[in-house]
Amino acid sequence: MQLNTIILGAGAAGMMCAAHAGPGTLVLDHARAPGEKIRISGGGRCNFTNMYAGPENFLSQNPHFCKSALARYTQWDFIDLVNRHGIAWHEKTLGQLFCDSSAKQIVAMLLSEMERAGATLWLNTSLKDLSHADGRFCLMVEREGKTERLTARNLVLATGGKSIPKMGATGLAYDIARQFGLTITETRAGLVPFTFPEGRFAPLAGLSLPARLSNQRASFDEALLFTHRGLSGPAVLQLSSYWREGEEIGVDLAPDLDLYTELRDQRQASGRRDLTTELARLLPARLVEFLAPKLGLKGRLADQSDSALRGLTDALHDWRLTPSGTEGYRTAEVTLGGIDTDGLDARTMAASSLPGLYAIGEAVDVTGWLGGYNFQWAWSSGHAAGTAI
Ligand code: FDA
(Lines give C-alpha, C1' and ligand atoms only; values in the text may rest on other atoms or scores of the structure.)
Protein backbone atom coordinates (compact mmCIF):
# COMPACT_ATOMS: atom_id res chain seq x y z
CA MET A 1 0.00 0.00 0.00
CA GLN A 2 1.35 3.44 -0.94
CA LEU A 3 0.71 6.29 1.45
CA ASN A 4 1.65 9.88 1.88
CA THR A 5 2.32 9.68 5.62
CA ILE A 6 2.66 6.96 8.25
CA ILE A 7 2.46 7.96 11.88
CA LEU A 8 3.85 5.43 14.36
CA GLY A 9 1.88 5.74 17.61
CA ALA A 10 -1.79 6.58 18.16
CA GLY A 11 -1.16 8.50 21.36
CA ALA A 12 -1.78 12.17 22.06
CA ALA A 13 0.86 13.51 19.65
CA GLY A 14 0.24 10.98 16.87
CA MET A 15 -3.52 11.54 16.78
CA MET A 16 -3.11 15.32 16.82
CA CYS A 17 -0.61 15.07 13.97
CA ALA A 18 -2.97 12.84 11.96
CA ALA A 19 -5.75 15.39 12.36
CA HIS A 20 -3.62 17.89 10.44
CA ALA A 21 -1.45 15.76 8.13
CA GLY A 22 -3.91 15.62 5.26
CA PRO A 23 -5.21 12.72 3.17
CA GLY A 24 -3.25 9.52 2.69
CA THR A 25 -2.28 9.32 6.37
CA LEU A 26 -2.17 6.02 8.24
CA VAL A 27 -1.65 5.81 12.00
CA LEU A 28 -0.22 2.52 13.33
CA ASP A 29 -0.20 1.34 16.93
CA HIS A 30 0.54 -1.99 18.58
CA ALA A 31 -2.04 -1.32 21.30
CA ARG A 32 -5.65 -2.50 21.26
CA ALA A 33 -6.98 1.03 21.73
CA PRO A 34 -5.75 4.51 20.82
CA GLY A 35 -4.77 7.14 23.40
CA GLU A 36 -4.53 4.83 26.37
CA LYS A 37 -2.46 7.30 28.40
CA ILE A 38 -5.03 9.99 27.71
CA ARG A 39 -7.75 7.68 28.96
CA ILE A 40 -6.08 6.99 32.31
CA SER A 41 -4.62 10.46 32.79
CA GLY A 42 -5.73 12.88 35.47
CA GLY A 43 -7.52 10.14 37.38
CA GLY A 44 -9.71 9.45 34.31
CA ARG A 45 -10.48 13.14 33.69
CA CYS A 46 -7.34 14.08 31.69
CA ASN A 47 -5.49 17.23 32.67
CA PHE A 48 -5.42 18.16 28.98
CA THR A 49 -3.54 21.47 29.17
CA ASN A 50 -2.48 24.28 31.45
CA MET A 51 -3.65 27.88 31.14
CA TYR A 52 -0.18 29.14 32.01
CA ALA A 53 1.80 26.81 29.71
CA GLY A 54 4.96 28.47 28.41
CA PRO A 55 8.48 27.42 27.43
CA GLU A 56 9.69 27.88 31.03
CA ASN A 57 7.60 24.86 32.07
CA PHE A 58 9.63 22.44 29.95
CA LEU A 59 12.97 20.67 30.39
CA SER A 60 15.25 20.00 27.45
CA GLN A 61 18.93 20.20 26.59
CA ASN A 62 17.84 23.09 24.36
CA PRO A 63 15.26 25.11 26.35
CA HIS A 64 14.49 27.25 23.26
CA PHE A 65 13.44 24.35 21.05
CA CYS A 66 9.83 24.10 22.28
CA LYS A 67 9.08 27.82 21.84
CA SER A 68 8.03 27.84 18.20
CA ALA A 69 5.60 24.90 18.35
CA LEU A 70 4.08 26.07 21.66
CA ALA A 71 3.57 29.57 20.24
CA ARG A 72 1.94 28.36 17.01
CA TYR A 73 -0.47 25.94 18.70
CA THR A 74 -1.18 27.23 22.18
CA GLN A 75 -3.26 26.01 25.11
CA TRP A 76 -5.98 28.42 23.89
CA ASP A 77 -6.07 26.66 20.51
CA PHE A 78 -6.60 23.33 22.25
CA ILE A 79 -9.21 24.80 24.61
CA ASP A 80 -10.99 26.15 21.53
CA LEU A 81 -10.98 22.64 20.01
CA VAL A 82 -12.34 21.14 23.23
CA ASN A 83 -15.07 23.81 23.31
CA ARG A 84 -16.02 23.15 19.68
CA HIS A 85 -16.56 19.50 20.63
CA GLY A 86 -18.81 20.56 23.51
CA ILE A 87 -16.56 18.97 26.16
CA ALA A 88 -17.18 20.56 29.55
CA TRP A 89 -14.05 21.35 31.60
CA HIS A 90 -12.89 23.10 34.72
CA GLU A 91 -9.72 24.49 36.26
CA LYS A 92 -8.69 22.34 39.22
CA THR A 93 -5.70 24.28 40.50
CA LEU A 94 -2.68 26.22 39.20
CA GLY A 95 -4.18 26.57 35.70
CA GLN A 96 -4.64 22.80 35.29
CA LEU A 97 -7.67 22.07 33.07
CA PHE A 98 -9.59 18.79 33.40
CA CYS A 99 -12.67 17.32 31.71
CA ASP A 100 -15.75 17.59 33.92
CA SER A 101 -16.80 14.12 32.87
CA SER A 102 -14.25 11.75 31.28
CA ALA A 103 -10.88 11.61 29.56
CA LYS A 104 -12.52 9.34 26.99
CA GLN A 105 -14.10 12.49 25.53
CA ILE A 106 -10.63 13.76 24.56
CA VAL A 107 -9.83 10.43 22.84
CA ALA A 108 -13.19 10.53 21.01
CA MET A 109 -12.55 14.14 19.98
CA LEU A 110 -9.14 13.28 18.50
CA LEU A 111 -10.56 10.25 16.68
CA SER A 112 -13.29 12.37 15.14
CA GLU A 113 -10.75 15.03 14.10
CA MET A 114 -8.66 12.26 12.48
CA GLU A 115 -11.70 10.94 10.65
CA ARG A 116 -12.62 14.42 9.45
CA ALA A 117 -9.06 14.76 8.08
CA GLY A 118 -9.37 11.40 6.29
CA ALA A 119 -6.73 9.58 8.34
CA THR A 120 -6.88 5.81 8.84
CA LEU A 121 -6.08 4.04 12.11
CA TRP A 122 -4.67 0.52 12.39
CA LEU A 123 -4.47 -0.90 15.89
CA ASN A 124 -2.91 -4.22 16.97
CA THR A 125 -0.24 -3.58 14.38
CA SER A 126 3.44 -4.16 14.97
CA LEU A 127 6.40 -2.99 12.97
CA LYS A 128 8.62 -5.82 11.72
CA ASP A 129 11.04 -4.01 9.45
CA LEU A 130 11.79 -0.49 8.30
CA SER A 131 14.01 0.87 5.55
CA HIS A 132 14.30 3.95 3.37
CA ALA A 133 15.08 4.10 -0.33
CA ASP A 134 14.35 6.46 -3.23
CA GLY A 135 12.69 9.04 -1.01
CA ARG A 136 10.22 6.60 0.52
CA PHE A 137 10.00 4.71 3.80
CA CYS A 138 9.21 1.04 3.45
CA LEU A 139 7.56 -0.70 6.41
CA MET A 140 6.79 -4.36 6.93
CA VAL A 141 4.01 -4.58 9.48
CA GLU A 142 2.09 -7.45 11.03
CA ARG A 143 -1.64 -7.08 11.51
CA GLU A 144 -4.26 -9.73 12.20
CA GLY A 145 -1.67 -12.44 11.58
CA LYS A 146 -0.80 -11.05 8.13
CA THR A 147 2.33 -9.24 7.03
CA GLU A 148 1.80 -6.16 4.89
CA ARG A 149 4.22 -3.92 3.02
CA LEU A 150 3.59 -0.21 3.27
CA THR A 151 5.45 2.69 1.72
CA ALA A 152 5.19 6.37 2.53
CA ARG A 153 6.88 9.65 1.76
CA ASN A 154 6.74 10.78 5.39
CA LEU A 155 7.26 8.88 8.63
CA VAL A 156 6.33 10.45 11.97
CA LEU A 157 7.79 8.97 15.17
CA ALA A 158 5.10 9.37 17.84
CA THR A 159 5.56 6.27 20.00
CA GLY A 160 6.28 8.25 23.18
CA GLY A 161 8.83 7.48 25.89
CA LYS A 162 9.64 4.52 28.13
CA SER A 163 7.32 5.31 31.03
CA ILE A 164 4.90 2.59 32.11
CA PRO A 165 6.03 -0.36 29.97
CA LYS A 166 2.94 -2.24 31.21
CA MET A 167 0.89 0.16 29.09
CA GLY A 168 2.87 -0.66 25.96
CA ALA A 169 5.63 1.95 26.17
CA THR A 170 8.70 0.95 24.16
CA GLY A 171 11.90 2.58 22.98
CA LEU A 172 10.88 2.20 19.32
CA ALA A 173 11.11 5.91 18.46
CA TYR A 174 14.66 6.04 19.81
CA ASP A 175 15.71 2.95 17.83
CA ILE A 176 14.31 4.33 14.57
CA ALA A 177 15.76 7.77 15.24
CA ARG A 178 19.20 6.18 15.69
CA GLN A 179 18.70 4.06 12.55
CA PHE A 180 18.26 7.26 10.54
CA GLY A 181 21.16 9.23 12.02
CA LEU A 182 19.56 11.14 14.89
CA THR A 183 21.06 11.08 18.38
CA ILE A 184 19.31 10.35 21.67
CA THR A 185 20.06 12.30 24.82
CA GLU A 186 20.27 10.43 28.12
CA THR A 187 16.79 9.22 29.14
CA ARG A 188 15.50 8.81 32.70
CA ALA A 189 12.23 8.62 34.58
CA GLY A 190 10.52 11.95 35.33
CA LEU A 191 7.48 12.99 37.40
CA VAL A 192 8.09 10.00 39.61
CA PRO A 193 7.96 9.31 43.39
CA PHE A 194 11.17 9.20 45.44
CA THR A 195 12.05 5.98 47.25
CA PHE A 196 13.75 5.77 50.65
CA PRO A 197 15.09 2.84 52.65
CA GLU A 198 12.28 0.46 53.58
CA GLY A 199 9.88 1.77 56.20
CA ARG A 200 11.58 5.17 56.64
CA PHE A 201 8.28 7.07 56.49
CA ALA A 202 5.95 4.16 57.31
CA PRO A 203 4.52 5.90 60.43
CA LEU A 204 3.54 8.85 58.21
CA ALA A 205 2.14 6.86 55.26
CA GLY A 206 -0.94 8.57 53.84
CA LEU A 207 -0.16 11.97 55.39
CA SER A 208 -0.30 14.86 52.92
CA LEU A 209 0.60 18.51 53.57
CA PRO A 210 1.51 21.62 51.57
CA ALA A 211 5.31 21.85 51.30
CA ARG A 212 8.11 23.42 49.32
CA LEU A 213 10.54 20.96 47.76
CA SER A 214 13.77 22.30 46.36
CA ASN A 215 17.24 21.58 45.18
CA GLN A 216 19.81 23.81 43.55
CA ARG A 217 17.92 23.70 40.22
CA ALA A 218 14.24 24.10 41.07
CA SER A 219 11.65 24.68 43.78
CA PHE A 220 7.98 23.67 43.88
CA ASP A 221 5.23 24.62 46.34
CA GLU A 222 2.63 21.86 46.13
CA ALA A 223 1.35 18.92 48.16
CA LEU A 224 3.80 16.41 49.65
CA LEU A 225 2.57 12.88 50.35
CA PHE A 226 4.33 10.37 52.62
CA THR A 227 4.05 6.74 51.47
CA HIS A 228 5.25 3.37 52.70
CA ARG A 229 7.97 3.43 50.05
CA GLY A 230 9.00 7.09 50.28
CA LEU A 231 7.71 10.45 49.15
CA SER A 232 5.14 11.28 46.51
CA GLY A 233 2.58 13.99 45.72
CA PRO A 234 2.79 16.79 43.16
CA ALA A 235 5.71 18.65 44.80
CA VAL A 236 7.81 15.46 44.76
CA LEU A 237 6.89 14.49 41.19
CA GLN A 238 7.83 17.99 40.00
CA LEU A 239 11.21 18.00 41.75
CA SER A 240 12.02 14.46 40.60
CA SER A 241 12.48 15.77 37.05
CA TYR A 242 15.26 18.05 38.33
CA TRP A 243 16.91 15.47 40.60
CA ARG A 244 19.96 13.29 40.00
CA GLU A 245 20.86 10.03 41.76
CA GLY A 246 22.57 10.60 45.11
CA GLU A 247 21.56 14.26 45.49
CA GLU A 248 20.06 15.81 48.60
CA ILE A 249 16.73 17.66 48.56
CA GLY A 250 15.35 20.29 50.93
CA VAL A 251 11.81 20.08 52.30
CA ASP A 252 10.15 23.15 53.81
CA LEU A 253 7.36 21.69 55.91
CA ALA A 254 5.65 25.04 56.46
CA PRO A 255 6.37 27.25 53.43
CA ASP A 256 3.58 29.70 54.25
CA LEU A 257 4.54 30.23 57.90
CA ASP A 258 7.47 31.72 59.76
CA LEU A 259 7.72 29.02 62.43
CA TYR A 260 10.39 30.88 64.39
CA THR A 261 8.24 34.00 64.80
CA GLU A 262 5.14 31.92 65.55
CA LEU A 263 6.88 29.96 68.33
CA ARG A 264 8.74 32.95 69.75
CA ASP A 265 5.48 34.94 70.00
CA GLN A 266 3.79 31.94 71.60
CA ARG A 267 6.67 31.58 74.06
CA GLN A 268 6.04 35.21 75.11
CA ALA A 269 2.29 34.70 75.46
CA SER A 270 2.26 31.26 77.10
CA GLY A 271 5.73 29.96 77.80
CA ARG A 272 4.46 27.09 79.99
CA ARG A 273 2.99 25.35 76.99
CA ASP A 274 4.63 22.23 75.65
CA LEU A 275 6.78 22.78 72.54
CA THR A 276 5.39 19.77 70.66
CA THR A 277 1.79 20.73 71.50
CA GLU A 278 2.39 24.21 70.10
CA LEU A 279 4.09 22.83 67.00
CA ALA A 280 1.16 20.49 66.44
CA ARG A 281 -1.01 23.62 66.07
CA LEU A 282 1.13 24.62 63.10
CA LEU A 283 2.01 21.24 61.55
CA PRO A 284 0.20 17.87 61.41
CA ALA A 285 0.42 16.21 64.84
CA ARG A 286 1.61 12.91 63.33
CA LEU A 287 4.51 14.68 61.70
CA VAL A 288 5.49 16.45 64.93
CA GLU A 289 5.37 13.13 66.80
CA PHE A 290 7.54 11.52 64.11
CA LEU A 291 10.10 14.33 64.11
CA ALA A 292 10.24 14.93 67.88
CA PRO A 293 12.91 12.30 68.72
CA LYS A 294 14.91 13.13 65.57
CA LEU A 295 15.04 16.88 66.23
CA GLY A 296 15.06 16.67 70.03
CA LEU A 297 11.70 18.44 70.32
CA LYS A 298 10.86 18.41 74.01
CA GLY A 299 10.20 20.63 77.01
CA ARG A 300 8.21 23.81 77.46
CA LEU A 301 8.36 26.78 75.13
CA ALA A 302 9.94 28.85 77.89
CA ASP A 303 12.86 26.38 78.00
CA GLN A 304 13.79 27.17 74.40
CA SER A 305 16.39 29.87 73.86
CA ASP A 306 16.18 32.03 70.73
CA SER A 307 19.00 30.07 69.15
CA ALA A 308 17.41 26.72 70.04
CA LEU A 309 14.13 27.89 68.49
CA ARG A 310 16.00 29.16 65.45
CA GLY A 311 17.82 25.84 65.07
CA LEU A 312 14.74 23.68 65.24
CA THR A 313 12.58 25.91 63.01
CA ASP A 314 15.39 26.09 60.45
CA ALA A 315 15.41 22.28 60.45
CA LEU A 316 11.64 22.24 59.81
CA HIS A 317 11.92 24.81 57.03
CA ASP A 318 14.82 22.96 55.43
CA TRP A 319 14.60 19.26 56.23
CA ARG A 320 17.49 17.69 54.33
CA LEU A 321 16.77 14.29 52.80
CA THR A 322 18.58 12.07 50.31
CA PRO A 323 16.26 9.78 48.35
CA SER A 324 17.72 6.36 47.63
CA GLY A 325 16.20 6.50 44.15
CA THR A 326 12.92 6.84 42.27
CA GLU A 327 10.18 4.37 41.38
CA GLY A 328 11.59 4.43 37.84
CA TYR A 329 9.74 3.91 34.55
CA ARG A 330 7.29 1.55 36.25
CA THR A 331 5.27 4.49 37.56
CA ALA A 332 6.90 7.57 36.00
CA GLU A 333 4.47 9.87 34.20
CA VAL A 334 7.09 10.85 31.64
CA THR A 335 10.52 10.11 30.22
CA LEU A 336 13.09 12.88 30.43
CA GLY A 337 15.47 13.19 27.49
CA GLY A 338 14.91 11.47 24.16
CA ILE A 339 15.46 12.36 20.51
CA ASP A 340 18.01 15.17 20.50
CA THR A 341 16.39 18.42 19.38
CA ASP A 342 19.67 19.41 17.66
CA GLY A 343 18.67 17.10 14.82
CA LEU A 344 15.12 18.49 14.48
CA ASP A 345 13.60 21.63 12.98
CA ALA A 346 11.81 23.51 15.77
CA ARG A 347 9.08 24.76 13.41
CA THR A 348 8.23 21.47 11.72
CA MET A 349 9.74 18.70 13.90
CA ALA A 350 11.43 17.41 10.71
CA ALA A 351 14.72 15.54 11.05
CA SER A 352 17.67 17.23 9.40
CA SER A 353 19.29 13.84 8.75
CA LEU A 354 16.56 12.56 6.42
CA PRO A 355 13.79 14.43 4.51
CA GLY A 356 10.34 13.10 5.38
CA LEU A 357 11.24 11.91 8.90
CA TYR A 358 9.55 13.68 11.83
CA ALA A 359 9.56 13.17 15.62
CA ILE A 360 6.92 14.50 18.01
CA GLY A 361 5.58 14.23 21.56
CA GLU A 362 7.32 12.56 24.46
CA ALA A 363 9.81 10.75 22.22
CA VAL A 364 11.55 14.10 21.73
CA ASP A 365 13.85 15.60 24.38
CA VAL A 366 11.17 18.02 25.63
CA THR A 367 9.51 17.21 28.96
CA GLY A 368 6.89 19.27 30.71
CA TRP A 369 6.10 19.83 34.34
CA LEU A 370 3.23 18.08 36.02
CA GLY A 371 -0.08 19.85 35.32
CA GLY A 372 -1.15 19.41 31.70
CA TYR A 373 2.11 20.59 30.15
CA ASN A 374 3.06 17.23 28.63
CA PHE A 375 -0.19 16.93 26.73
CA GLN A 376 0.22 20.52 25.54
CA TRP A 377 3.62 19.54 24.13
CA ALA A 378 2.01 16.54 22.42
CA TRP A 379 -0.69 18.79 20.88
CA SER A 380 1.76 21.55 19.85
CA SER A 381 4.45 19.28 18.40
CA GLY A 382 1.83 17.06 16.71
CA HIS A 383 0.24 20.12 15.14
CA ALA A 384 3.66 21.47 14.03
CA ALA A 385 4.52 18.26 12.16
CA GLY A 386 0.98 17.68 10.84
CA THR A 387 0.68 21.13 9.30
CA ALA A 388 4.21 20.94 7.86
CA ILE A 389 3.57 17.65 6.05
P1 FDA B 1 1.89 8.34 24.16
O2 FDA B 1 2.60 7.50 25.14
O3 FDA B 1 0.64 9.01 24.54
O4 FDA B 1 1.56 7.48 22.86
C5 FDA B 1 2.48 6.60 22.28
C6 FDA B 1 1.72 5.56 21.49
O7 FDA B 1 2.68 4.78 20.79
C8 FDA B 1 0.91 4.62 22.36
O9 FDA B 1 -0.40 4.52 21.87
C10 FDA B 1 1.67 3.29 22.27
O11 FDA B 1 0.81 2.17 22.31
C12 FDA B 1 2.34 3.41 20.91
N13 FDA B 1 3.56 2.61 20.82
C14 FDA B 1 4.59 2.56 21.68
N15 FDA B 1 5.51 1.69 21.25
C16 FDA B 1 5.04 1.16 20.09
C17 FDA B 1 5.54 0.18 19.19
N18 FDA B 1 6.73 -0.43 19.42
N19 FDA B 1 4.81 -0.13 18.10
C20 FDA B 1 3.60 0.48 17.88
N21 FDA B 1 3.07 1.40 18.70
C22 FDA B 1 3.80 1.75 19.80
N23 FDA B 1 0.26 14.54 30.90
C24 FDA B 1 -0.52 15.63 31.04
O25 FDA B 1 -0.25 16.65 30.40
N26 FDA B 1 -1.63 15.60 31.84
C27 FDA B 1 -1.99 14.50 32.56
O28 FDA B 1 -3.02 14.48 33.24
C29 FDA B 1 -1.13 13.36 32.47
N30 FDA B 1 -1.39 12.25 33.21
C31 FDA B 1 -0.62 11.12 33.07
C32 FDA B 1 -0.90 9.98 33.82
C33 FDA B 1 -0.12 8.85 33.67
C34 FDA B 1 -0.42 7.64 34.53
C35 FDA B 1 0.94 8.84 32.74
C36 FDA B 1 1.77 7.61 32.54
C37 FDA B 1 1.24 9.97 32.00
C38 FDA B 1 0.48 11.13 32.16
N39 FDA B 1 0.76 12.29 31.44
C40 FDA B 1 -0.03 13.41 31.60
C41 FDA B 1 1.85 12.32 30.44
C42 FDA B 1 1.24 12.11 29.04
O43 FDA B 1 0.40 10.97 29.09
C44 FDA B 1 2.32 11.92 27.98
O45 FDA B 1 3.26 12.94 28.06
C46 FDA B 1 1.70 11.90 26.60
O47 FDA B 1 0.77 10.84 26.51
C48 FDA B 1 2.75 11.75 25.53
O49 FDA B 1 2.10 11.66 24.29
P50 FDA B 1 2.76 10.85 23.09
O51 FDA B 1 1.73 10.82 22.01
O52 FDA B 1 4.09 11.38 22.79
O53 FDA B 1 2.99 9.38 23.66
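The rules behind each value
- Residues numbered from 1 in each chain as written.
- Predicted model: local features only at pLDDT ≥ 70, side-chain atom pairs only at ≥ 80, totals over all residues.
- UniProt positions renumbered as here; feature names shortened; annotations may be inferred.
- Helix = DSSP H or I, 4+ residues; strand = E, 2+ residues; numbered from the N terminus.
- Contact = placed C-beta atoms within 7 Å.
- Pairing = 2+ DSSP bridges.
- Axes fitted to C-alpha atoms, helices over the stretch in contact; angles between N-to-C directions.
- Left-handed = near helix turned anticlockwise from the far one by under 90°.
- pLDDT = per-residue confidence, 0-100.
- Buried ≥ 20, exposed ≤ 12 C-beta atoms within 10 Å, placed from the backbone.
- Near = placed C-beta within 6 Å.

Within an unreviewed UniProt entry, the label attached to the protein reads NAD(P)/FAD-dependent oxidoreductase, and the organism entered is Ruegeria alba. In the Cofactor (unreviewed entry) part of its UniProt record, the protein is described as follows: "FAD".

What follows deals with the overall build of the protein. Within the protein one finds twelve helices and 21 strands. Dimensions along the principal axes, computed over C-alpha positions, put the protein at roughly 85 × 40 × 40 Å. Of the contacts made within the protein by residues no fewer than 6 positions apart, 71% connect residues no fewer than 24 positions apart.

Read across the open sheet, the three strands follow the order 3-6-5; overall the sheet is antiparallel. Unpaired on one side and paired on the other, strand 3 (47-50) and strand 5 (89-91) mark the two borders of the sheet. Within this sheet the neighbouring strands show an average axis-to-axis angle of 30°, counted without direction. The sheet contact formed by strand 5 and strand 6 (residues 96-99) spans three bridges and is antiparallel. Bridged to E91 within strand 6 is L97.

This part is about the packing of helix 8 (residues 259-269) against helix 11 (residues 306-317). Between helix 8 and helix 11, the shortest axis-to-axis distance is 9 Å and the interhelical angle comes to 140°. As helix 8 runs across helix 11, the sense of the crossing is right-handed. Residues L259, Y260, L263 and R264 of helix 8 lie in contact with helix 11, whose contacting residues are L309, R310, T313, L316 and H317.

Here we come to the pairing of strand 1 (residues 2-8). Regular strands place their side chains on alternate faces of the sheet. Pairing geometry for strand 1 and strand 10 (residues 146-157), over six bridges, is parallel. Bridging from a neighbouring strand, L8 pairs with L157 of strand 10. Sheet analysis places strand 1 next to strand 2 (residues 25-28), joined by four bridges and oriented parallel. In the strand pairing of strand 2, L8 is matched with L28.

Moving on to the confidence of the model for the protein. Of the residues in the protein, 100% have a pLDDT of 70 or more, and the chain-wide mean is 97. Model confidence for the complex is summarised by a pTM of 0.97, with the ipTM given as 0.99.

Turning to its location among the elements, Q75 is positioned in helix 4 (residues 75-84). When the 23 C-beta atoms within 10 Å are taken as the criterion, Q75 is described as buried. Sequence separation of Q75 and E222 is 147 residues, and the distance between their C-alpha atoms is 22 Å. For Q75, the residues in contact, after removing those within four places along its chain, are T49, N50, M51, A53 and Q376.

A few words on the site of the ligand. Taken together, 38 residues lie near the ligand, and G9, G11, S41, G160 and G361 sit nearest. Elements with a minimum of two residues in the shell around the ligand: helix 1 (12-18), helix 2 (36-44), strand 8 (125-133) and helix 12 (373-388). The element best represented in the shell around the ligand is helix 2, accounting for five residues.

Here we take up the UniProt feature "signal peptide" (unreviewed entry) in the protein. As recorded in UniProt, the feature "signal peptide" (unreviewed entry) lies at residues 1-21. From the first C-alpha to the last, residues 1-21 spans 18 Å; its make-up is 33% helix and 33% strand.

The strand order across the open sheet built from seven strands is 17-16-13-14-15-12-18, with neighbouring strands paired in antiparallel fashion. Where the open sheet ends on each side, the last strands, each with one partner, are strand 17 (319-321) and strand 18 (325-326). The sheet contact formed by strand 13 (residues 208-214) and strand 14 (residues 219-226) spans seven bridges and is antiparallel. Considered in strand 14, the bridge of R212 is made with D221.

Okay, unusual backbone geometry next. What is expected of a backbone is that most residues other than glycine have negative phi and most peptide bonds are trans. Its identity is not glycine, yet D134 carries a phi of approximately 50°, on the positive side. The residue D134 is located in the loop between strand 8 and strand 9 (136-143) in this model. The residue L191 is not glycine, and still its phi comes out positive at about 50°. In this structure, L191 sits in the loop between strand 11 (188-190) and strand 12 (194-195).

One can find L283 in the loop between helix 9 (275-282) and helix 10 (285-295). Through-space distance from the C-alpha of L283 to that of P210 is 10.0 Å; in sequence the pair is 73 residues apart. Ignoring anything within four residues of it in the chain, the contact list for L283 reads L253, A254 and V288.

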